Amino acid sequence: VLAGRSSLDNAVLTGESAPCPVGEGDAVTAGSTNLGARIVVRVDAAAEKTRVGALVAIVEEALLRRPAVLQLTDRLARYFVWAVFAVATATALLWLPRGPEVAVERVVALMVVACPCGIALSVPLAVAVALTRAARAGIYIKNPDALQELRRVSHVLLDKTGTLTEGRAALVRWEGSETSLDLARALEEESAHAVARAFAPVNGPRAVRAVSEVQEVPGQGIAGVVDGKAIRVGNRTHVEGVRAVVPPDLEAHAATLAAEGLSPVYAAVDGRVEGVGGIGDPVRGDAEATVQALRGAGIRVLVLSGDHPRVVAQVAGRLGFAPEDAVGGLTPEAKRDFVARLVAETARSGSVVMVGDGVNDAAALALADVGVAVLGGTGASIVAADVVLTREGVAPLLDLLKGARSVHGVIIRNLGFSLAYNVVGAGLAVLGLVGPLLAAVLMPASSLTVTLSSAFSRTFAAPGPRRREA
């Protein structure tokens, strides 16, 4: 920074939910968002030389190291063809004493009725139908191999900011008069700061107020005149700048808010502090239920975050995490190394699922057995992820795991139908009970059965209709 003072949102890179104040001489990372006043910066690195560029390079390298897709149906079909050739040879030798014509008829009937089409279609059809239904349910599966990995999940790693939390500053709690809150909101509408956006009123009618003489003090707060009243909103230093005294009850509330990991913001009206609010990143409404459901399925759930360890510990504590299962203060590179190490340790016992939304999660998403990007994720996280959720919250993760198990069931059913048909049909052909003409009529039965089995499967259930608010 060459000139000016402001605050930056670095959440997309570091996972830090709180704005970071900067002034002359401070470093600014490419990818951060300026939330306050104008600043002049000097560019020291661009493109791939920036930290964002380095993270993208990590993602590309990780994607290139992914193993090649193993096609189960190709292997089965290949083995099946060789098995049919072997049985056909044995059939010819068995019926040859009855005459060459009889032997040829039996072999032709066997080769016609023993069709590998059903086996070859079993997996692709089941997966294609599942991908379509998953997309309708707001779950976009980019890598079909993820369906196989999701059947044996042992660990789920969750980012905090934007994943377990909503990823935005919000007024979580307010203590004091509603009048002071309304006046504070009217004043904060004149600012683009993250704290100002947190004060944005909920849906509903609100009074139109006259606001003038607005003055924003970087790093402290905002002041102005609202409906003829002198209003100051900001930290304690800011409101005490006009010798406003914080009442003991509001001082106690502010201490409680700080202990909960919220940033206290005071509102003074005509020199008297009449309210204090707690600004924070609210936890998603479905986070606790989702975490409990994952644990109930025998999956170990951990939090990996770049946010301050104290903030991570407080959020994790509210969701019932043990202290050792919530790790904060991680750089993107540290997240990457953590995931890579865990994937190596659990290669035989289960798969590792990483869930995140930011550039700082991209490398970890790419290295995990399955990377899941949540709604609102950045471009880098979407590129690196195997699965992209387009529904709000983390609850769709449960639908993803359930759907993956259902797909496996459909695949087993399809293969069972196809193999049973071929065993019975081949046996009848070898015994001479099915001739070439009847074999030609029966041949499509295997493919038709697999098609109907896949079409009528219920792998990913579409979300129910949203209730309209009156």
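Residues numbered from 1 in each chain as written. Predicted model: local features only at pLDDT ≥ 70, side-chain atom pairs only at ≥ 80, totals over all residues. Heavy atoms only, no water.

Examining unusual backbone geometry
Its identity as a non-glycine residue notwithstanding, D227 has a phi of 50°, on the positive side. Here D227 is to be found in the loop between β8 (221–226) and β9 (229–234). (Helix = DSSP H or I, 4+ residues; strand = E, 2+ residues; numbered from the N terminus.)

A short note on the packing of helix α12 (residues 287–296) against helix α17 (residues 396–431)
Between α12 and α17, whose axes approach to 9 Å, the crossing angle comes to 30°. With respect to their mutual orientation, α12 and α17 come out roughly parallel. Where α12 abuts α17, its residues T290, A293 and L294 lie against L397, L398 and L401. Class assignment of the residues belonging to the contact of α12 with α17 gives a composition of five nonpolar, one polar and no charged. (Axes fitted to C-alpha atoms, helices over the stretch in contact; angles between N-to-C directions. Parallel < 35°, antiparallel > 145°, perpendicular 65-115°, else oblique. Contact = heavy atoms within 4.5 Å. Nonpolar A, V, L, I, M, F, W, Y, C, P; charged D, E, K, R; others polar.)

Overview of helix α19 (residues 444–455)
Between its first and last C-alpha atoms α19 spans 16 Å; for 12 residues at 1.5 Å apiece the expected length is 16 Å, and the two agree. By the burial criterion, the buried members of α19 are S446, S447, V450, S453 and S454. Looking down the long axis of α19, one finds its buried residues gathered within 130° of arc, a one-sided arrangement. Where α19 is buried, its residues meet α5 (117–136), α17 and α18 (436–442). (Expected span 1.5 Å × (residues − 1). Buried < 20%, exposed > 50% of the residue type's maximum accessible area, 1.4 Å probe, protein only. Arc of directions from axis to C-beta.)

Some points on the packing of aromatic side chains
If you walk through the whole model with that rule in mind, you get two aromatic pairs. Ring centres of W174 and F199 lie 6.3 Å apart, and the angle between their planes is 80°; this geometry places the pair in the edge-to-face category. Highlighted residues: W174 in strand β6 (residues 170–176) and F199 in the loop between α9 (194–198) and β7 (211–217), separated in sequence by 25 residues. In this structure, W174 and F199 share a single accessibility class: buried. Against the face of Y79 rests R78, its NZ or CZ located 5.7 Å from the ring centre. Cation over ring: R295 sits above F321, and NZ or CZ is 4.6 Å from the ring centre. (Phe/Tyr/Trp six-rings, centres within 6.5 Å; stacked < 30°, edge-to-face > 60°. Lys NZ or Arg CZ within 6 Å of the ring centre and 35° of its normal.)

Remarks on the pattern of salt bridges
Here the structure, examined in full by the defined rule, presents 12 salt bridges. Across the salt bridge formed by E105 and R106, the nearest N and O atoms sit 3.6 Å from each other. Between R391 and D399 there is a salt bridge; the shortest N-O distance is 2.9 Å. Its relative accessible area of 29% is what places D399 among the partly exposed residues. Overlapping salt bridges bring together D159, K335 and D361 as one network. (Salt bridge = Lys/Arg side-chain N within 4 Å of Asp/Glu carboxyl O.)

Description of the pairing of β7
In terms of strand pairing, β7 meets β8 through five bridges, oriented antiparallel. Bridging from a neighbouring strand, V217 pairs with G221 of β8. Turn length for the β7-β8 hairpin, with the two strands adjacent in sequence and antiparallel, is three residues, and the turn residue G219 shows positive phi of about 80°. (Pairing = 2+ DSSP bridges.)

What about the confidence of the model for the protein chain?
In this model, the protein chain carries an average pLDDT of 83, and 90% of its residues clear a pLDDT of 70 or more. Residue range residues 65–70 is modelled with pLDDT below 50. Its contacts to residues more than four positions away, or to other chains, number eight contacts. A low-confidence stretch, residues 465–470 (pLDDT under 50), is modelled with zero contacts involving residues beyond four sequence positions or located in other chains. (pLDDT = per-residue confidence, 0-100.)

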